[in-house]
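# Examination of the molecular architecture
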Amino acid sequence: MSVQESTFHGFANPVDPSPAELRAWAYQPDSVPLASMPPDWDLLVSGDRLVLTLFELAMDPTCPARRFALHCLYIYAADGIRTNFRAHPKRRFRKLVEQAERDGDELMKIWAHNGRVLLARPELFTYRDWCEGGLVRENRRLG
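Attention here is on the structure that accompanies the text.

Counting its regular elements, the chain contains eight helices and zero strands. Relative to a compact globule of 143 residues, whose C-alpha radius of gyration would be 15 Å, the chain shows 15 Å and is just as compact. For the chain, with 143 residues in total, the buried portion stands at 45%. Counted over contacts in the chain with a minimum sequence separation of 6, partners at least 24 positions apart contribute 59%. About 7,300 Å² of surface is accessible on the chain, with carbon and sulfur atoms providing 52% of the total. If you average the places of the 19 positive and of the 19 negative side-chain charges in the chain, the two averages end up 7 Å apart.

This is the structure in C-alpha cells:
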C-alpha cells in the first residue's frame, strides 16, 4: 500500500512532524486542514529536517499539497541565503537547485532560477514573495 492509498490520521506532534507524517498528509491535505495547524506552520516545517521530503513533494505534480511544499522550499531558500547559510547548508541548497533544474518541471525550474537569482542578489528578498507565498501564487521568474 502506498502513502497515497493509506489513510492519514493526523500528526503526533504538528509542531515537529516526521517526514512520513508530512508525506502522508501531503497526499490527503484535507484530513488536517492548514487552518487547524499551529501559527506559522509553514515556517516551522521549512527546515533541514524536512527539506528533502518537501522537495520530493514539490517535485511530484500529482501531490495535492505540492504548492504548500513549493512554498516551504521558497522559505528554506530565503532563510539559507539571508543568513549567509548559517541556517541551512549551502551545499544542500545547491544540490536541490541543480536537481530541480535537471529533473523538475517548469514550477521547479522557476524555483531553482529564483533561488539562484536571490543567491546572486540577496537585496531582491521581499518577505511577501519568499515567505508569504507571493512567488508561488504568481509563478514568476525574478529578473
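With that settled, consider the side chain of His88. Note that His88 resides in the loop between helix 4 (66-82) and helix 5 (90-103). Relative accessible area serves as the criterion here: at 5%, His88 is assigned to the buried category. Within polar-contact distance, the side chain of His88 engages the side chain of Asp79 at 3.0 Å. Those residues in contact with His88, other than ones at most four positions away along the chain, are Ser46, Gly47, Asp48, Tyr76, Asp79 and Gly80.

Another aspect to go through is the pattern of salt bridges. For the structure on display, the rule yields 12 salt bridges. In this structure, Glu106 engages Arg141 in a salt bridge whose closest nitrogen and oxygen atoms are separated by 3.1 Å. Placement of Glu106 in helix 6 (residues 106-120) and of Arg141 in the segment after helix 8 (134-138) is noted, with a sequence separation of 35 residues between them. The class for Glu106 is partly exposed, based on a relative accessible area of 44%. Judged by its relative accessible area of 42%, Arg141 falls in the partly exposed class. A salt bridge links Asp129 to Arg140, with the shortest nitrogen-to-oxygen separation between them at 2.6 Å. In this pair, Asp129 is assigned in helix 7 (residues 127-131) and Arg140 in the segment after helix 8, connecting sequence segments 11 residues apart.

Okay, the nonpolar core next. Soluble, globular proteins show a tendency: their nonpolar side chains are buried together. Counting 48 residues, the largest nonpolar core has Trp25, Met108, Trp111 and Trp130 as its most contacted members. At the level of elements, helix 1 (19-26), helix 2 (41-45), helix 3 (48-59), helix 4, helix 5, helix 6, helix 7 and helix 8 are the ones that each hand at least two residues to this core. Here this core takes 11 residues from helix 4, the largest share from any one element. Those residues in contact with Trp111 that lie beyond four places of it in its chain are Phe55, Leu70, Leu73, Tyr74, Ala77, Phe93, Leu96, Val97 and Ala100.

What counts, and at which threshold
Residues numbered from 1 in each chain as written. Predicted model: local features only at pLDDT ≥ 70, side-chain atom pairs only at ≥ 80, totals over all residues. Heavy atoms only, no water. Helix = DSSP H or I, 4+ residues; strand = E, 2+ residues; numbered from the N terminus. Rg over C-alpha atoms; globule rule 2.2 N^0.38 Å. Buried < 20%, exposed > 50% of the residue type's maximum accessible area, 1.4 Å probe, protein only. Contact = heavy atoms within 4.5 Å. Areas by Shrake-Rupley, 256 points an atom, 1.4 Å probe, with all protein chains shown as cover. Lys, Arg positive; Asp, Glu negative; His and termini not counted. Charge placed at Lys NZ, Arg CZ, Asp CG, Glu CD. Polar contact = N/O pair within 3.5 Å; in protein donor to acceptor, adjacent residues only side chain to side chain. Salt bridge = Lys/Arg side-chain N within 4 Å of Asp/Glu carboxyl O. Core = buried A, V, L, I, M, F, W, Y, C linked by side-chain atoms within 4.5 Å.

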